[in-house]
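# Working through the structure, step by step
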Amino acid sequence: MTTKYTIGVDYGTESGRAVLVSLVDGKEIADHVTPYRHGVIDEELPESKIKLGYEWALQHPADYIEVLKTSIPAVLKETGINPVDVIGIGIDFTACTMLPVDQNGAPLCFNPKLKDNPHSWLKLWKHHAAQPEADKLNAIAEQRGEKFLPRYGGKISSEWMIAKVWQILNEAPEIFDQTDKFVEATDWVISQLTNNLVRNSCTAGYKSIWHKRDGYPSNDFFKALDPRLENLAETKLRGDILPLGTKAGELTKEMANAIGLNAGIAVAVGNVDAHAAVPAMGVVTPGKMVMAMGTSICHMVLGTEEKQVEGMCGVVEDGIIPGLYGYEAGQSAVGDIFGWYVDQAVPSDVKEAADKKGLNVHHYLEKEATKYQPGEIGLLALDWWNGNRSTLVDTNLSGLLVGMTLQTKPDEIYRSLLEATAFGTRKIVDAFHQNGVAVDELYVCGGLPQKNQLLLQIYADVTNRTINVADSKQTPALGAAMFAAVAAGVENGGYDTIVNAAEKMARVKEETIVPIPENVEIYEKLYQEYTKLHDYFGRGENDVMKRLKAIRPDVKETITVN
Ligand SMILES: Nc1ncnc2c1ncn2[C@@H]1O[C@H](COP(=O)(O)OP(=O)(O)O)[C@@H](O)[C@H]1O
Ligand SMILES: O=C(CO)[C@@H](O)[C@@H](O)COP(=O)(O)O
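So, how was this worked out
Residues numbered from 1 in each chain as written. Chains lettered and ligands numbered in written order. Predicted model: local features only at pLDDT ≥ 70, side-chain atom pairs only at ≥ 80, totals over all residues. Heavy atoms only, no water. Helix = DSSP H or I, 4+ residues; strand = E, 2+ residues; numbered from the N terminus. Rg over C-alpha atoms; globule rule 2.2 N^0.38 Å. Buried < 20%, exposed > 50% of the residue type's maximum accessible area, 1.4 Å probe, protein only. Contact = heavy atoms within 4.5 Å. Areas by Shrake-Rupley, 256 points an atom, 1.4 Å probe, with all protein chains shown as cover. Lys, Arg positive; Asp, Glu negative; His and termini not counted. Charge placed at Lys NZ, Arg CZ, Asp CG, Glu CD. UniProt positions renumbered as here; feature names shortened; annotations may be inferred. Pairing = 2+ DSSP bridges. Axes fitted to C-alpha atoms, helices over the stretch in contact; angles between N-to-C directions. Core = buried A, V, L, I, M, F, W, Y, C linked by side-chain atoms within 4.5 Å. Salt bridge = Lys/Arg side-chain N within 4 Å of Asp/Glu carboxyl O.

## Brief notes about the overall build of the chain
- Looking only at helices and strands, one finds 19 helices and 21 strands in the chain.
- Compactness check: the chain gives a C-alpha radius of gyration of 23 Å against a globular reference of 24 Å for 562 residues, within 12% of the reference.
- Looking at the 562 residues of the chain, the share that counts as buried comes to 62%.
- Here the analysis covers contacts within the chain between residues at least 6 apart in sequence; of these, 73% occur between residues at least 24 apart.
- For the chain, the exposed surface amounts to about 21,500 Å²; the carbon and sulfur share of it is 48%.
- Computed over 55 positive and 75 negative side-chain charges, the inter-centroid distance for the chain is 2 Å.

This is the structure we're talking about:
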C-alpha cells in the first residue's frame, strides 16, 4: 500500500497554515501559511470603516476559506503527492472564536443588510468587550450555586461563548433575533468543508459550558441572566455535539474542486489549537503539562479525576483525550507582550543596532538579555498586558513594571517581561499541582519555543521543571492531522484511536531544557515578590488598574472596583 497522508489546518490569531503529514511517522512533509487578508479587526470594520469599541477583536470568516483554498493546493503542489493518498482533513482553531449564522449557515456579516453592525461579525477569542456580561454571569451563577462553576475554576471568562452571546443581545438585539445559531469558527469552517454543521465536544465543553452528562446550564439559569436567553440552549446553541476524533462528514465535491483534494474523504470534527497539540506531543497520560506558546499560552494537562482548581479555564471529561479529564488554563498575552514592547517601546538606537547585526529586534534583545544573571536586572513585572486569564480570570487587570531607574536598559526590560510571563505560568503550574492535578514536567510547542531559547531556560528555572520541546514546526496542525487520521479510520489507512495515532506520529526533540539549580534558587525569591504584587493588585487590595480603566473616556462598561 502507498503511504497515506492527512492534512491538518491550524487557524492562529494572525494566519492559517496547512500541513501535509505522513501517517507512517507524523513527518510534516510540507506546510504553507496564509496570513489573514483582514488580520485582526480591532479598530474599524472593513469597507464601512465603522469604528469599533474598546477591547473589540473581530475577524473576517472569508479569510478562513481563503486559507483552505490557498494553503492546501500549495502543499499538494510543493510535494507532488497524489490527492488519492490524502485520506482526511482536520482543523484546529483559536477559541472561543464565534460567529452568528443564519438558517443556511451563512455568517450574518456576509449579509449586506447586516454587515454594518459590528455585532454581525465574527468575534475573535481575544475580544474582551463582554467583560460586564461575564461579571454579571459569574455573580448570578455564584448566587444560584450553579454546579458548573467549579468546573471552570469559579469564573466564566469574557472570552467565551455565553458572555459574547449576551453582549450581542444587550447591544444589538436585532442581530441576536436574526441569528439562527451561534457557532464556534472551528465548527463553521468544518461545515464549509462538509455541508454539515455539527459542534465538537471540545469547544462546547471548554467554551460553551456544556457537559457530557448534564448538557448546557439549565433554562432557569439562562432566564436568570436575561429572560430573552431562557431557551438559548435548545435554540441558538442547538445541534449535535460530537466527540473529538469523530468524522463530521465528507469533503463536498465543490470544496474538493476548490482545494484540490478528492471528494468524499473524511473531515474530522473541529478542534482547538492547544488541545490538538497535546497528542501531537505524545502526551496521552497525566503529569505532563503541554504549553502552546505563541501570542498567548494555553496550558493543558490530563488527569484521572475531576479536581477543583482556582481560576483554571476548565476541566472537561474527554475534552482532550478520550477517557481522561482534560484541564486547561492560560495566559492571554505572552508573545503579544514582547511584540508590544518591540513595536511600541524599544528606542530607535536598539532597532539600528539589531539591524547592523542582521538580527530582528527580538533576537537582538534576547542575545543582550542572556548576558544577565537572574536577579541582576532589579526589575519585576506583572504580565497582565491583556488581562489575566488564569488564575485570577480578570480582563480588567493590566501590566506593571517595578524597579526602573535612570540606568535601566531596554534589554533589561525585555528580560523582565520574559520573566514575568514565566512567573504567570508558575502560578498556573502551582495551582494545578497543589490541588491534586500533577504537573511533573513541561512540554512546549508553538512559535515561541522555536524563536527564543532564553525564554525556555527562564521557564525551566522559574518552574523548576524539565522542558520537552516539540520536534514539529506546526504542532497543533500535526494534532489536527492526527485527528483526521482517526476520523478516516483504520480501514482507510488511518488509525482507530488518537492514542494509537500519537504512538506513531507524535514528535518531541531528544534534548530537553533542564532547570539550573542556582537560577531556581534566585527565581524562587523573585517569585515570592511576584506573588506579593500579584495578590496586591490582582485580589482587590489595590484596584488602581481598574480605576485607571474606568476613568478612560472610551470605556462604557461599569467596572467593579474596591
Ligand atoms: N524572538 C522572539 N522572542 C519572543 N517573542 C517573539 C519572537 N518573535 C516573535 N515573537 C512574538 O511571538 C508571537 C507569535 O507567535 P506565533 O506562535 O508565531 O503566533 P500564534 O500565537 O499566532 O500562533 C508574537 O506575539 C510575537 O510578538
Ligand atoms: O484560548 C485558546 C484555546 O482555548 C487559544 O485559542 C487562544 O489562546 C489563542 O491562541 P494563540 O495565541 O493564537 O496560539
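## Section: the UniProt feature "domain: Carbohydrate kinase FGGY C-terminal" (unreviewed entry) in the chain
- The UniProt record marks residues 290-488 with the feature "domain: Carbohydrate kinase FGGY C-terminal" (unreviewed entry), using the residue numbering of this structure.
- The annotated region residues 290-488 carries 42% helix and 20% strand content, and the separation between its end C-alpha atoms amounts to 26 Å.

## Some words on the sheet that holds strand 20 (residues 467-470)
- In space, the seven strands of this open sheet follow the order 15-16-14-13-19-20-21, with mixed pairing throughout. Among the strands making up the open sheet, the edge pair consists of strand 15 (314-317) and strand 21 (508-513). Strand-to-strand, the axes of this sheet are offset by a mean angle of 25°, without reference to chain direction.
- For strand 19 (residues 439-445) and strand 20, the ladder comprises three bridges, and the chain directions are parallel. Of the residues in strand 20, the one forming a bridge with Leu442 is Ile467.
- Helix 9 (residues 273-280) contacts strand 13 (287-293), strand 14 (297-303), strand 16 (325-331) and strand 19 of the sheet and is inclined by roughly 55° relative to strand 14.
- Against the sheet, helix 13 (residues 410-433) touches strand 13, strand 14, strand 16 and strand 19, its axis set at about 155° to strand 16.

## Quick look at the nonpolar core
- Formed by 83 residues in total, the largest nonpolar core has its most connected members in Tyr11, Leu68, Leu251 and Leu261.
- In terms of residue count, helix 16 (residues 475-488) provides more of this core than any other element does, nine residues in total.
- Beyond its immediate sequence surroundings of up to four residues, Leu68 is in contact with Val9, Tyr11, Pro73, Val189, Leu193, Met255 and Ile259.
- In terms of nonpolar packing, the next biggest core, distinct from the first, is built from 67 residues, Tyr325, Tyr341, Val429 and Tyr523 among them.

## Section: the pattern of salt bridges
- Under the definition given, this model contains 30 salt bridges.
- Close ionic contact of Asp10 with Arg17 constitutes a salt bridge, the shortest N to O distance being 3.3 Å. Arg17 carries the same exposure label as Asp10, and that label is buried.
- Note that Asp214 and Lys147 form a salt bridge whose closest N and O atoms lie 3.4 Å from each other. Of this pair, Asp214 sits in the loop between helix 6 (201-207) and helix 7 (219-225) while Lys147 is found in the loop between helix 2 (131-143) and helix 3 (161-171), placing the two residues 67 residues apart along the sequence.
- Given a relative accessible area of 39%, Asp214 falls into the partly exposed group.
- Judged by its relative accessible area of 58%, Lys147 falls in the exposed class.

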